[in-house]
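One-letter residues, chain by chain:
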Amino acid sequence: MSSIKSTTQIKEKNITIANAALISGIGVLIMALTVPFAEFYIFPKLIAENPALTAKNIMDNRLLFTTGIFLHFITLICDIVVAWSLYVFLKPVFKHLSLLTAWFRLIYTAIYLVALVNLIKVINLLNINEKSNILDQTQLYDSITFYINSFHIEWSFGLIIFGIYLSLLGYLVFIAEYVPKIFGILLIIAGFGYLINTLGLFLFPNINTEFLFITFFGELIFMIWLLIKGSKIKNIKKTEHNKV
């Protein structure tokens, strides 16, 4: 039996494959702007090795710190949207695996949200301490440092799940008849890059895996294709996986 069904335009209610590709591309594009701006511009201005200096920077620039939190929150929303839209985009390839893949991203997003709450606790701690001074300066500084470190550790742990997600996504993209296989390969490489780099932080902290940063661009390259080519897809081939 042929593994390919007759060519047809596949729709998820009113969402076409092209629409799903466009939504996914826009979502990833927004995330490519929000997280780097927060992590490489805003937080480095505020977070120092000295806890007292970090606390002072945040207290003096509370709006900037809150902006960084808000940018991460926007990223969370985009993660949910992208999980859904890529599920729709890849559903014709392998419905059940596409759904499982989306769930991995949603689980990662949940861990990300729990991590982000730590930064919100910093703002709450400052507000409470200003009114009642329940903590002395040393306790306040140490608490702020603890919450900031907790955010990065918990978020990093979530990236293990994200690495698995990217690997599954890469496999789906690789077997999709309507996407060049090179993007599937790049996504799988990116997924393993996240897994190795993040596991290294927890299991082998003394080993430098920063060189794996280059593998993370696989998702961004796929984003460009989604925006330029994927958003123009009209006809696709439905595979054998979805006959059941």
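As shown above, the structure is provided for reference.
Note that the structure is a prediction, hence the values are computed from the model and not measured.

### Looking at helix α6 (residues 181–203)
- The first and last C-alpha atoms of α6 sit 33 Å apart over 23 residues, in line with the 33 Å expected at 1.5 Å per residue.
- Taken residue by residue, α6 has F183, G184, L187, A190, G191, G193, Y194, L195, N197, T198 and G200 as its buried positions.

### A word on empty space enclosed by the protein
- Here the structure, examined in full by the defined rule, presents one cavity of 30 Å³ or more.
- Of the voids in this model, the largest cavity is the one considered here, and its volume is about 40 Å³.
- What lines the largest cavity is simply V82, A83, L86, Y87, L90, S98, T101, A102, Y165, L169 and L172.
- Breaking the lining of the largest cavity down by element, the ones donating at least two residues are α3 (62–90), α4 (95–132) and α5 (137–175).

### Overview of the nonpolar core
- If you look at the biggest cluster of nonpolar residues, it comprises 63 residues, and the most contacted ones within it are F65, F89, L90, I144, Y178, V179 and F222.
- Only α1 (17–46), α2 (51–60), α3, α4, α5, α6 and α7 (218–228) provide two or more residues apiece to this core.
- The element best represented in this core is α5, accounting for 15 residues.
- Ignoring sequence-local partners within four residues, the contact set of F222 consists of L86, F89, V173, V179, F183 and L187.

### So, the packing of α5 against α6
- Two numbers describe how α5 lies on α6: the axes approach to 7 Å, and their chain directions differ by 160 degrees. The angle between α5 and α6 falls in the class roughly antiparallel. Seen along the crossing, α5 lies across α6 with a hand that is left-handed.
- Tallied by class, residues from the contact of α5 with α6 come to 23 nonpolar, seven polar and one charged.

### Looking at the packing of aromatic side chains
- Under the definition given, this model contains 14 aromatic pairs.
- Between F89 and W225, the aromatic rings sit 6.3 Å apart at their centres with planes inclined by 65 degrees, giving edge-to-face as the arrangement. In this pair, F89 is assigned in helix α3 and W225 in helix α7, connecting sequence segments 136 residues apart. Pair check on accessibility: F89 and W225 agree, each one buried.
- Taking the centre distance of 5.1 Å and the plane angle of 80 degrees together, the rings of F162 and Y194 count as edge-to-face. Residue F162 is located in helix α5, and its partner Y194 is located in helix α6; the two are separated by 32 residues in the primary sequence. Accessibility classification places F162 together with Y194 in one group, the buried group.
- A network of ring pairs unites the aromatic residues Y108, Y112, F151, W155, F162, Y165 and Y194 as a single cluster.

### A short note on the side chain of N57
- Looking at where N57 falls in the secondary structure, it is placed in helix α2.
- When its relative accessible area of 16% is taken as the criterion, N57 is described as buried.
- Ignoring sequence-local partners within four residues, the contact set of N57 consists of K45 and L46.

About the criteria used
Residues numbered from 1 in each chain as written. Predicted model: local features only at pLDDT ≥ 70, side-chain atom pairs only at ≥ 80, totals over all residues. Heavy atoms only, no water. Helix = DSSP H or I, 4+ residues; strand = E, 2+ residues; numbered from the N terminus. Expected span 1.5 Å × (residues − 1). Buried < 20%, exposed > 50% of the residue type's maximum accessible area, 1.4 Å probe, protein only. 1 Å grid on protein atoms, 1.4 Å probe; cavity = no way out; pocket = protein on both sides within 12 Å on 5 of 7 lines; lining within 4 Å. Points joined across faces, edges and corners; volume = space filled by probe spheres on them. Core = buried A, V, L, I, M, F, W, Y, C linked by side-chain atoms within 4.5 Å. Contact = heavy atoms within 4.5 Å. Axes fitted to C-alpha atoms, helices over the stretch in contact; angles between N-to-C directions. Parallel < 35°, antiparallel > 145°, perpendicular 65-115°, else oblique. Left-handed = near helix turned anticlockwise from the far one by under 90°. Nonpolar A, V, L, I, M, F, W, Y, C, P; charged D, E, K, R; others polar. Phe/Tyr/Trp six-rings, centres within 6.5 Å; stacked < 30°, edge-to-face > 60°.

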